[in-house]
Amino acid sequence: MTYEITIDGKNYKLDLSRIDERWECSLDGEPVQVDAVLARPNVMSVIIAGEAYEVKRERTATDTHLWVKSARFAVDVRDPRSLRSRRSKAGGVEGPQKLLAPMPGKIVRIVAPVGKEVNAGEGVLVIEAMKMQNELKSPKQGVVKQVLVTEGTSVTSGDVLAIVE
Amino acid sequence: MFKKVLIANRGEIAVRVIRACREMGIRSVAVYSDVDRASLHVRKADEAYHIGPATASESYLNIGKILGVAKVSGAEAIHPGYGFLSENALFAQACADAGVKFIGPPPSAMQMMGSKTRARQRMEAAGVPFVPGSLRGLEFEQTREVAEKIGYPVMLKAAAGGGGKGMRLVRDPKDLKSAFEAARSEAQRSFGDSEVYIEKYIENPRHIEVQVLADEHGNCVYMGERECSVQRRHQKVLEESPSPIVTPEMRAKMGAIAVQAAKACGYTNAGTIEFIADQQRNFYFLEMNTRLQVEHPVTELVTGHDLVHLQFRIASGERLPFTQDDIRLRGHAIECRIYAEDPDNNYFPSPGKITLLLAPSGPGIRRDSGMYEGWNVPIDYDPLLAKLIGYGATREEAISRLQRALYEYFVGGIKTNISLFRRILAHPDFRAGKLDTGFLDRMLADPQTNNVEDERHDDKVRVAAIAAGLFAVLEPTVASGNGAVTGVAKEQSKWKQAGRAEALRSL
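Residues numbered from 1 in each chain as written. Chains lettered and ligands numbered in written order. Predicted model: local features only at pLDDT ≥ 70, side-chain atom pairs only at ≥ 80, totals over all residues. Heavy atoms only, no water.

**A few points about a positive patch on the surface**
All names here are of chain B.
Consideration 1: Taken together, the side chains of R19, R43, K44 and R367 make up a positively charged region of the molecular surface.
Consideration 2: As for its placement among the helices and strands, R367 is situated in strand β19 (residues 365–369).
Consideration 3: Relative accessible area serves as the criterion here: at 31%, R367 is assigned to the partly exposed category. (Patch = residues over 30% accessible without salt bridge, like charges linked within 9 Å, V, L, I, M, F, W, Y side chains within 5 Å. Areas by Shrake-Rupley, 256 points an atom, 1.4 Å probe, with all protein chains shown as cover. Salt bridge = Lys/Arg side-chain N within 4 Å of Asp/Glu carboxyl O. Lys, Arg positive; Asp, Glu negative; His and termini not counted. Charge placed at Lys NZ, Arg CZ, Asp CG, Glu CD. Helix = DSSP H or I, 4+ residues; strand = E, 2+ residues; numbered from the N terminus. Buried < 20%, exposed > 50% of the residue type's maximum accessible area, 1.4 Å probe, protein only.)

Below, the structure written as structure tokens:
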């Protein structure tokens, strides 16, 4: 099998095939000896050229991350045989930008109401979770076009809270 | 001894106290709010009672509801843990009125230590050392005279203050006048009271505290000290015992003063006297914490005594089972407070579901935790998830065991500050015991220390790429974000997979 793998925005080509109990593998054309077992869901023990690693996987609705020792990598795996194309995750600062809830919490203050001009990094809303208040900042310079929450609204991670245009 | 104890708390401390109950043959009663039904403390207790909504004032801080559960369950005593009602003298009094033993000091001692001015007056009378300065607010001329007497630098503080408001550091006498006026005006704006007092400013202060235990028969001992100088925003992050700076002479002196302070306010049960110390080993009284503290495990490891057991014994009227001469400190213990917060994103809180939990163990490691895999960390309470404590014969051994355990610890689904501790423990100043309350802020501001985990980064990327492909083959339905991998599931028999996984687990 051949996969295209993107790690933190950089692409790699991986060929994997199974021969008896071992994996034959090449990464960007370079052969690598690999032994791997799934220790439990989302935890894999991998031995690569004699070095042992425990790799943990974390998945959210939109992303997959792999942890190798203490390093965390955003990972996207594609099978080139598939007709499905890779979703674009690129987001520039052109056009309207959504302000998303970075965590579950409660909106305690609207700093910049609809119509207010804001600079990039200027506070728009204040969210409270775990007895801590944090200001959510505008991703771009522009005007607050929509505020989709009110003070006291409970939100979950990833909810769209406001739109800056 | 009590037959049944109610634990008026949640999270790791409730689990800790429930464990002590089980060890002592005491039935434990948990209380829980709406969002805590599935919490570990509810699952571990013998009995559990719902006490209301997530808002603490309607559940864990609601004295009526908690005493109601004590009555219904027949609990003879209440352990308050830390936070919530643990230092609430009204609650302690309400327990006494309801005929339930409060496992902590008498309300009178809590009241006295809860009031800054009353505590200071009583402590000064008992000969406890304070930071030189004025007791109460002064006019400018008097402030100038005191500053000349105690020497610069000095700190001006709002008498009604807290949280750093109305505080001004003055290093040069010529700046005193403007700082005094600014502090007064800020104090007036913030607290409606312009009174400002003056204290000697301690350069690079260390936060060192002494654990005391007092029974109801007049016996009081100190159990060594803890260094709590590693702090962020005045919140302790890591604690250790013994303190790297404390000598046996300093310990004996601090301990004697701590015992004197506890006796002066009629204290019983477990308490802590907090001191601020300078780098020359001069120390001054700060305040007394009239409860069991978050960092009590480091004292337990170096003294070999279980403080919660002793709290139960004292509260049930027993005498302390040892004297000061019996208390020996051996080895070194360091505690890390594991918080649900994101160190890479300005320490944003990170509640949510714990999707994967790999917990460390092994020699010299203790883990006090309220979390489990699958648990949803609620948004309503403070972010302390667990405490990881390393113990060793020496400080170096404790550090290396703790570092090893931090590499084993993995909490998936939410962010934690585990990586922060790896950086602290690797820092040369920490390793040398060169600490003060500004250590962590300096470390975080220094980009050099941010790269300690980047060694052999290329190798890790390579491993991640290979593992990503293997995950896609071995668990194809959940391979990745785009679900593009199809038709490779039969590459490996599921039976074979299961067998290998089982074999690995049994190692």
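**Remarks on the layout of surface pockets**
Consideration 1: Empty space within the second largest pocket amounts to approximately 1,000 Å³.
Consideration 2: Every element with two or more residues in the lining of the second largest pocket is listed here: β6 (51–59) of chain A together with β16 (348–349) and β17 (352–353) of chain B.
Consideration 3: By residue class, the composition of the lining of the second largest pocket is 10 nonpolar, 11 polar and 8 charged. (1 Å grid on protein atoms, 1.4 Å probe; cavity = no way out; pocket = protein on both sides within 12 Å on 5 of 7 lines; lining within 4 Å. Points joined across faces, edges and corners; volume = space filled by probe spheres on them. Nonpolar A, V, L, I, M, F, W, Y, C, P; charged D, E, K, R; others polar.)

**As for the pattern of salt bridges**
Think of it this way: side chains of opposite charge can pair up when their charged atoms draw near.
Consideration 1: Scanning all chains against the criterion turns up 41 salt bridges over all chains.
Consideration 2: We note a salt bridge from E135 of chain A to K137 of chain A, for which the minimum N-O separation is 3.6 Å.
Consideration 3: The exposure class assigned to K137 of chain A is partly exposed, which follows from its relative accessible area of 43%.
Consideration 4: Of the charged contacts in the structure, one is a salt bridge between E141 of chain B and R144 of chain B, with a shortest N-O distance of 2.8 Å. Taken as a pair, E141 of chain B and R144 of chain B lie in helix α7 (residues 140–150) at a separation of 3 residues, close to a single helical turn.

**Examining the pairing of β19 of chain B**
Residues and elements named next belong to chain B.
Consideration 1: Of all 5 residues making up β19, 4 are buried, and the element is well covered by its neighbours.
Consideration 2: Bridging between β19 and strand β21 (residues 384–392) involves 5 bridges; their strand directions are antiparallel. Bridge pairing in β21 places D368 opposite K387. (Pairing = 2+ DSSP bridges.)

**What to know about a nonpolar patch on the surface**
Consideration 1: Judged by side-chain polarity, L100, L148 and V160 of chain A come together as a nonpolar surface patch covering roughly 230 Å² of accessible area.
Consideration 2: Mapped onto the elements of the fold, L100 of chain A is located in strand β9 (residues 97–100).

**Examining the nonpolar core**
Consideration 1: Formed by 57 residues in total, the largest nonpolar core has its most connected members in V230, L238, M371, Y409, I424 and F430 of chain B.
Consideration 2: Elements represented by at least two residues in this core include exactly β12 (123–129) and β16 (160–164) of chain A together with β11 (235–241), β14 (332–339), β21, α12 (395–408), α13 (418–426) and α15 (439–445) of chain B.
Consideration 3: Sequence-distant contacts of L238 of chain B, defined by excluding residues within four places in its chain, comprise E227, C228, V230, I334, E335, C336, F421, I424, L425 and F430 of chain B.
Consideration 4: Counting residues in hydrophobic clusters, the runner-up holds 37 residues, among them C25, L27 and V68 of chain A together with A467 of chain B. (Core = buried A, V, L, I, M, F, W, Y, C linked by side-chain atoms within 4.5 Å. Contact = heavy atoms within 4.5 Å.)

**What to know about the packing of aromatic side chains**
Residues and elements named next belong to chain B.
Consideration 1: Evaluated as defined, the whole model comprises 10 aromatic pairs over all chains.
Consideration 2: On the basis of an interplanar angle of 80° and a centroid distance of 5.3 Å, the ring pair of F275 and F283 is categorised as edge-to-face.
Consideration 3: The ring of Y32 has R37 lying over it, and the distance from NZ or CZ to the ring centre is 5.8 Å.
Consideration 4: Its end group placed over the ring of Y372, R43 keeps NZ or CZ at 4.3 Å from the ring centre. (Phe/Tyr/Trp six-rings, centres within 6.5 Å; stacked < 30°, edge-to-face > 60°. Lys NZ or Arg CZ within 6 Å of the ring centre and 35° of its normal.)

**Let's talk about the environment of P80 of chain A**
All names here are of chain A.
Consideration 1: Residue placement: P80 occurs in the loop between β8 (71–78) and β9.
Consideration 2: For P80, a relative accessible area of 44% translates into the label partly exposed.
Consideration 3: Note: C-alpha distance between P80 and E117 (37 residues apart in sequence) is 45 Å.
Consideration 4: Residue contacts for P80: discarding those within four places in its chain leaves T2, Y3 and E4.

**Here's the deal with the sheet that holds strand β4 (residues 77–79) of chain B**
Residue and element names in this part refer to chain B.
Consideration 1: Strands sit in the order β3-β2-β1-β4-β5 across an open sheet of 5 strands; the sheet is parallel. Both edges of this open sheet fall to β3 (47–52) and β5 (101–102), since each of them pairs with a single strand only.
Consideration 2: The sheet contact formed by strand β1 (residues 4–7) and β4 spans 3 bridges and is parallel. Residue pairing for β4: I7 is matched across the bridge by H79.
Consideration 3: Lying over the sheet, helix α3 (residues 63–73) contacts β1, β2 (27–33), β3 and β4, oriented at roughly 150° with respect to β3. (Axes fitted to C-alpha atoms, helices over the stretch in contact; angles between N-to-C directions.)

**Digging into the interface of chain A and chain B**
Consideration 1: With 66 residues of chain A at the contact, the number on the chain B side is 63 residues.
Consideration 2: Considering only the side of chain A, the residues that lose the most area to chain B are L38, R57 and M130 of chain A, jointly responsible for 13% of the buried surface there.
Consideration 3: Summed over the shared surface of chain A and chain B, the number is 2 salt bridges.
Consideration 4: Between R40 of chain A and E373 of chain B there is a salt bridge whose closest N-O contact spans 2.5 Å. (Buried area = accessible area lost by both parts, 1.4 Å probe.)

**Let's talk about α12 of chain B**
One full turn of an α-helix is made of 3.6 residues, so residues set three or four places apart face in the same direction.
All names here are of chain B.
Consideration 1: Taking 1.5 Å of rise per residue, 14 residues should cover 20 Å, and α12 covers 20 Å from first to last C-alpha, within 8% of that figure.
Consideration 2: Of all the positions in α12, only R395, A398, I399, L402, Q403, A405 and L406 are classed as buried. Looking straight down α12, one finds its buried side chains confined to an arc of 165°; they lie on one side.
Consideration 3: Buried residues along α12 sit against β11, β14, β19, β21, α13 and α14 (428–431). (Expected span 1.5 Å × (residues − 1). Arc of directions from axis to C-beta.)

**Here's the deal with the sheet that holds β12 of chain A**
Working definition: the strands of a sheet are paired by backbone hydrogen bonds and lie parallel or antiparallel to each other.
Residue and element names in this part refer to chain A.
Consideration 1: Judged by pairing direction, the sheet is antiparallel, and its 4 strands sit side by side in the order β13-β12-β10-β15 without closing on themselves. Whereas interior strands pair on both sides, the edge strands pair on one side only; in this sheet they are β13 (132–137) and β15 (154–155).
Consideration 2: The pairing of strand β10 (residues 105–110) with β15 spans 2 bridges and is antiparallel. The partner of G105 across the bridge, within β15, is V155.

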